[in-house]
Amino acid sequence: MFHPFDVEQFLSELEHGVKYNYSESGVHPMTLRELVDLVGLEPDVLWNTMLDYPQVNGSTFLREKISAMYPGTNADNVLVTVGATEANTLIANTLLQPGDSMVAFRPIYEQLTGDARNRGVDVRYVDMEADNGWAIDPEAVMAAVGPTTKLIHVINPNNPTGRVLSNREREGIIAAAASVGAWIVADEVYIGTERDTDEATPSFWGAYDKVMVLNSTSKAYGLPGLRLGWLVGPADAITACWRRHEYASVATSTVSMKLAEAALAEPARTALVERARRLIRTGFETLTEALAVHHNIFTVAPPHASAMSFVRFNLPIDSETLAMRLVREQDVLVIPGSRFHVENHFRFSSALPEAHLKEGLRRLNLVVEDVLKSA
Ligand SMILES: Cc1ncc(COP(=O)(O)O)c(C=O)c1O
């Protein structure tokens, strides 16, 4: 049986044409001109780029730039992919076989888990504790692994909650993986988007010997349209993913590689991350102020990182109905919690220009008032 990717289906069917879109997970994206100005790229570098097939596993220069972020690696430990999306698919196709099992934490962005389920893999979910700021119980992780567990999948910082794992949780996950020799696949696309600290979330890279890390230019760098991601891991596992990459996409685009080379070079990289954090911090304040207008209706475990808040609501309406009323009546798009298997929540992205954000929140509150009136 085919399992559709619920969140992405909701987005791809509804997000184009909507005026107040708070359903994306990244920060407000940049124009090509803003990027070229910020990174100080000579426009001629772009005009003279040959639109040939690029180096399939990623240009050596780009892979070296990426490997510099992961101690002890070189360019052979890196594969450049079409976003983190392709990286997840390659992981599923390379590390998992039908009949295997894997462990993941819910609520979660269901890409790797969906790919795995479509491959006949048994996905065992450990629920994060909603009333405990979405914490993970390390004993539950240990109880979930077994002889067929091939990998533990973490998204850190998490989508949709923005939570960063504590040291105790990280150690519990590593101990559980080590107890059965499983891989840890760490999706780290939200590293760099920290809201409450200037310290980047530590990578899983180097914490354990069987780790595959994936990341992309989409979130902390605000460049989702480049469709450029990467996988970092032991060289033999990266080569095995590269063989699947030749089937899946051949390569990401030449122009994207050129722009990513410039974006990931200092001081551009730091400037992009600082821009993302600025938008995230002010956006979250605007969101919480707007939601505080109603008493005892909304609660949010403040996200440690990411542009997203997973907002709990106390209203006599289910999350899918609320989301559909918002889009039909007010041209406002949020993702219903049902798409993450959690009711009475919606996911809201707030790292956006202030005026646009405020107007959408005003409209959201109009629908909420109407729901309360007719209750
Ligand atoms: C946790 C996570 N991983 C991967 C992706 C895919 O990102 P991209 O393909 O744009 O790099 C997303 C996008 O929302 C995400 O939230």
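Residues numbered from 1 in each chain as written. Predicted model: local features only at pLDDT ≥ 70, side-chain atom pairs only at ≥ 80, totals over all residues. Heavy atoms only, no water.

Under an unreviewed UniProt entry, the protein has the name Aminotransferase and belongs to Roseibium album. As its UniProt record puts it under Sequence similarities (unreviewed entry), the protein is described as follows: "Belongs to the class-I pyridoxal-phosphate-dependent aminotransferase family." Checking UniProt for the protein, the heading Cofactor (unreviewed entry) contains the comment "pyridoxal 5'-phosphate". (UniProt positions renumbered as here; feature names shortened; annotations may be inferred.)

Student: Even after reading the chapter, I still don't get the overall build of the protein, so can you show me in this structure?
Tutor: Secondary structure summary: the protein contains 13 helices and 13 strands in total. For the protein, the C-alpha radius of gyration of 21 Å lies close to 21 Å, the compact-globule estimate for 375 residues. Principal axes of the C-alpha set define a box for the protein whose edges measure 60 × 55 × 40 Å. Evaluated residue by residue, the protein yields a buried proportion of 57% over its 375 residues. Total accessible area on the protein stands at roughly 15,900 Å², and carbon and sulfur atoms take up 52% of it. When the 33 positive and 47 negative side-chain charges of the protein are each reduced to one mean point, those points stand 1 Å apart. (Helix = DSSP H or I, 4+ residues; strand = E, 2+ residues; numbered from the N terminus. Rg over C-alpha atoms; globule rule 2.2 N^0.38 Å. Buried < 20%, exposed > 50% of the residue type's maximum accessible area, 1.4 Å probe, protein only. Areas by Shrake-Rupley, 256 points an atom, 1.4 Å probe, with all protein chains shown as cover. Lys, Arg positive; Asp, Glu negative; His and termini not counted. Charge placed at Lys NZ, Arg CZ, Asp CG, Glu CD.)

Student: Explain the side chain of Ser-350 here, please?
Tutor: With respect to the helices and strands, the residue Ser-350 is situated in the loop between strand E13 (345-349) and helix H13 (354-373). Setting aside residues no more than four positions away along its own chain, Ser-350 makes contact with Leu-279, Gly-283, Phe-284, Leu-287, Ala-307 and Leu-357. (Contact = heavy atoms within 4.5 Å.)

Student: It is not clear to me how the side chain of Thr-286 should be interpreted in this structure. Could you clarify?
Tutor: Checked against the element boundaries, Thr-286 lands in helix H11 (residues 268-291). Overall, Thr-286 belongs to the buried group, its relative accessible area being 7%. Once residues lying within four places of it in the same chain are set aside, the contact partners of Thr-286 are Glu-354, Leu-357, Lys-358 and Leu-361.

Student: How do you make sense of the sheet that holds strand E3 (residues 101-106) when you look at a structure like this?
Tutor: Two strands in a sheet stick together by hydrogen bonds in their backbones, pointing the same way (parallel) or opposite ways (antiparallel). What the seven strands build is an open sheet, ordered E2-E8-E7-E6-E5-E3-E4; its pairing is mixed. With one partner strand each, in any of the chains shown, strand E2 (78-81) and strand E4 (122-127) form the two edges of the open sheet. Ignoring strand direction, the axes of neighbouring strands in this sheet form an average angle of 20°. In this structure, E2 lies alongside strand E8 (residues 229-232), joined through four bridges in antiparallel fashion. Each residue of the ladder has a partner; that of Val-78, found in E8, is Val-232. Contacting E2, strand E5 (149-155), strand E6 (183-187), strand E7 (211-216) and E8, helix H5 (residues 83-95) crosses the sheet at an angle of about 155° to E7. Sheet strands touched by helix H8 (residues 167-180): E3, E5 and E6. Its angle to E5, the strand with the most contacts, is close to 165°. (Pairing = 2+ DSSP bridges. Axes fitted to C-alpha atoms, helices over the stretch in contact; angles between N-to-C directions.)

Student: Would you take a moment to explain helix H12 (residues 319-330) for this structure?
Tutor: Residue pairs three or four apart in sequence face the same way in an α-helix, which turns once every 3.6 residues. An ideal rise of 1.5 Å per residue puts 16 Å on twelve residues; H12 measures up with 16 Å between its terminal C-alpha atoms. Of all the residues in H12, the buried ones are Ser-319, Leu-322, Ala-323, Met-324, Leu-326, Val-327 and Gln-330. With its phi angle positive at about 60°, Asp-331 sits one or two positions after the end of H12. (Expected span 1.5 Å × (residues − 1).)

Student: I'm lost on the site of the ligand in this one. Help?
Tutor: Looking at the ligand, there are 14 residues lining it, with Thr-85, Asp-187, Tyr-190, Ser-216 and Ser-218 nearest. Here an oxygen atom of the ligand sits 2.8 Å away from a polar atom, N or O, in the side chain of Arg-227. Relative to its free-state accessible area of 400 Å², the ligand is covered by the protein chains to the extent of 95%. Counting residues per element, the shell around the ligand draws most heavily on H5, at three residues. (Near = heavy atom within 4 Å. Polar contact = N/O pair within 3.5 Å; in protein donor to acceptor, adjacent residues only side chain to side chain.)

Student: When you look at the sheet that holds E13 in this model, what are you seeing that I'm missing?
Tutor: Read from one edge to the other, the open sheet built from four strands follows the order E9-E10-E13-E12, with strand pairing classed as antiparallel. Of all the strands in the sheet, just strand E9 (298-300) and strand E12 (335-336) have a single pairing partner and so form its edges. Strand direction decides the pairing type here: E12 and E13, joined by two bridges, are antiparallel. Paired with Pro-336 across the strands is Phe-346, a residue of E13.

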